[in-house]
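# An overview of the molecular structure
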Amino acid sequence: MLELKELTKVFGSGDDTFVAVDNINLTVEKGQFVVLIGPSGCGKTTTLKMINHLVKKTSGDIIINGKSTSNLDVVELRRDIGYVIQSIGLFPHLNIANNVEIVPKLKKVPKEDRRKRTYELMDLVGLDPDIYAERYPAELSGGQQQRVGVLRALAAEPDLILMDEPFGALDPITRDQLQEEMKDLQQRLNKTIVFVTHDMDEALAMADVIVLMKDGHIVQAASPEEMLRNPANEFVREFIGEDRLAPQPDITPVSDIMVTNPMVVEAKDKPRDVLGRMKKSSTDIAVVTKGSGRRVYGYVTANRIQSQQGKASSVEELVTETVVTVRGNTTVRDAAASLASDTRILVVVDRQNRPVGLVTRAWLLQSLVELWDESSSD
Ligand SMILES: Nc1ncnc2c1ncn2[C@@H]1O[C@H](COP(=O)(O)OP(=O)(O)OP(=O)(O)O)[C@@H](O)[C@H]1O
Ligand SMILES: [Mg+2]
């Protein structure tokens, strides 16, 4: 969707030049939430502004949907890219509805359609249009104004939205709330977002990909999990902070502690055959799936098969159906919280509810204790 190719910005001229962005390469997929982060002055805003040509690039290229933006009309380009920043804010002399509709109006969207969309968007972020549409920005709280800023960027129906520290000036509670709303909106509307922050917690909470910059370079671009697990170098470690890096039950995913490739059998399989397979692979538990979708149905233990042998014609009759399923990215802590008193195993499943791993109750609780010990030992 968006590609930055050897993108460079040099400010100044003659002897007095400064390389603010140095030959960066980045690919952003459609629907991704990418967060640019790094110390003050590392080139985040400059990178963002080159994307919508608010800052003219020195060299390299910016490609949107496969097309170089070099020769595109700047005005058109900006109308198709949403842009949210803290400091520009809203136009004080326009009421909220008119603020939201600036770009749609420029695009000559008929008034009725515009208004309908504005009301929908306001509802979406919990601003009652009947109360707020006619108000002026000064009559809104900071958090409400910021929501309108986000709406304004969305109202033009852009596929790509650039956000430069949009929640920087808000109190922590409003910020948390807006982060959640923003992430939710982005996923529901499938928008591609490039978001600048210097707050690592914000990056970890929202990003699909974190791009950590330093002195105009990209030091590491990775998912939050990957960055926490494998920081590229000492700078990344330091920037993330040791306390976030220690293995902790509230960030370690169950996929880190699960048994991969558990034995999986089908509900219609014969108990005798399953027992044979269990002996061969020295396991005493198997995940049972049912139907062509290979969805998890329950589990069966060697004990149960042995005690019932002969009576049951298929595994289905012996299955324990009270099985708890979790996704691989569920944290160890959350997985432990989902245990019921009679839960013996958790089956880790993919999006389609197909088994990808297995965690026993005992193993999960032991891991929980170990992770807690590790994270509090220093
Ligand atoms: N118009 C300009 N002329 C000269 N230098 C500039 C200009 N704009 C930015 N710079 C310099 O380029 C570097 C990168 O600036 P940029 O605004 O991209 O930083 P940033 O990563 O967004 O920092 P912050 O977190 O403080 O917002 C800085 O050293 C800045 O001083
Ligand atoms: Mg900046």
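Residues numbered from 1 in each chain as written. Chains lettered and ligands numbered in written order. Predicted model: local features only at pLDDT ≥ 70, side-chain atom pairs only at ≥ 80, totals over all residues. Heavy atoms only, no water.

A separate point is the overall build of the protein. Of regular secondary structure, the protein possesses 16 helices and 17 strands. Against the compact-globule benchmark of 21 Å for 378 residues, the protein has a radius of gyration of 26 Å, which places it well outside the compact range. Projected onto its principal axes, the C-alpha coordinates of the protein cover approximately 85 × 55 × 40 Å. Put simply, the protein has 378 residues, and 47% of those count as buried. A total accessible area of about 19200 Å² is found for the protein, and carbon and sulfur atoms account for 47% of it. (Helix = DSSP H or I, 4+ residues; strand = E, 2+ residues; numbered from the N terminus. Rg over C-alpha atoms; globule rule 2.2 N^0.38 Å. Buried < 20%, exposed > 50% of the residue type's maximum accessible area, 1.4 Å probe, protein only. Areas by Shrake-Rupley, 256 points an atom, 1.4 Å probe, with all protein chains shown as cover.)

Of all hydrophobic cores here, the largest spans 43 residues; its most connected members are Met 163, Phe 167, Met 182, Phe 195 and Met 227. Here this core gets six residues from one element, more than from any other, and that element is helix H7 (residues 142-155). (Core = buried A, V, L, I, M, F, W, Y, C linked by side-chain atoms within 4.5 Å.)

This next bit is on H7. Under the 1.5 Å per step criterion, the end-to-end length of H7 is 20 Å for 14 residues, consistent within 8% with the ideal 20 Å. The buried count for H7 comes to twelve of 14 residues, which makes it a mostly enclosed element. Taken residue by residue, H7 has Gly 143, Gln 144, Gln 146, Arg 147, Val 148, Gly 149, Val 150, Leu 151, Arg 152, Ala 153, Leu 154 and Ala 155 as its buried positions. At the C-terminal side of H7, Glu 157 shows a positive phi close to 55°. (Expected span 1.5 Å × (residues − 1).)

Glancing now at the site of ligand 1. If you check the shell around ligand 1, you find Phe 11, Phe 18, Ala 20, Ser 40, Gly 41, Cys 42, Gly 43, Lys 44, Thr 45, Thr 46 and Glu 165 and nothing else. Interatomic distance of 2.8 Å between a backbone N/O atom of Gly 41 and an oxygen atom of ligand 1. At a separation of 2.8 Å, an oxygen atom of ligand 1 approaches a polar side-chain atom of Lys 44. Burial of ligand 1 by the surrounding chains reaches 58%, relative to a free accessible area of 640 Å². Only strand E2 (16-28) and helix H1 (44-51) provide two or more residues apiece to the shell around ligand 1. A per-element tally of the shell around ligand 1 places H1 first, with three residues. A class-by-class count of the residues in the shell around ligand 1 yields four nonpolar, five polar and two charged. (Near = heavy atom within 4 Å. Polar contact = N/O pair within 3.5 Å; in protein donor to acceptor, adjacent residues only side chain to side chain. Nonpolar A, V, L, I, M, F, W, Y, C, P; charged D, E, K, R; others polar.)

On to the side chain of Thr 47, then. Secondary-structure assignment places Thr 47 in helix H1. Looking at Thr 47, its side chain comes within polar contact range of the main-chain oxygen of Gly 43, at 2.7 Å. Leaving out residues up to four positions away in the same chain, Thr 47 has contacts with Leu 4, Val 21, Ile 24, Leu 36 and Met 213. (Contact = heavy atoms within 4.5 Å.)

Now for the packing of H7 against helix H8 (residues 172-189). Two elements in contact, H7 and H8, have axes separated by 11 Å at closest approach and are oriented at 20°. Here H8 runs roughly parallel to H7, going by the angle between their axes. Pair H7 / H8 crosses with right-handed handedness. Packed against H7, whose contacting residues are Gly 143, Gln 146, Arg 147, Val 150 and Leu 154, the element H8 presents Thr 174, Gln 177, Leu 178, Glu 181, Met 182, Leu 185 and Leu 189 at the interface. Residue classes in the contact of H7 with H8 are distributed as six nonpolar, four polar and two charged. (Axes fitted to C-alpha atoms, helices over the stretch in contact; angles between N-to-C directions. Parallel < 35°, antiparallel > 145°, perpendicular 65-115°, else oblique. Left-handed = near helix turned anticlockwise from the far one by under 90°.)

Moving on to the domain arrangement of the protein. According to the domain assignment, the protein contains domain 1 (2-245) and domain 2 (254-372). Placing the centre of domain 1 and that of domain 2 at their C-alpha centroids yields a distance of 43 Å. (Domains from an automatic or database assignment.)

The strand order E12-E13-E14 describes an open sheet built from three strands, whose pairing is mixed. Because the sheet does not close on itself, it has two edges, and the strands there are strand E12 (264-266) and strand E14 (295-301). Pairwise comparison of adjacent strand axes, ignoring direction, gives a mean angle of 40° for this sheet. The sheet contact formed by strand E13 (residues 285-290) and E14 spans six bridges and is antiparallel. When the bridges of E14 are listed, Val 288 appears paired with Gly 298. The sheet strands contacting helix H13 (residues 271-280) are E12, E13 and E14, and the helix crosses E12 at an angle near 170°. (Pairing = 2+ DSSP bridges.)

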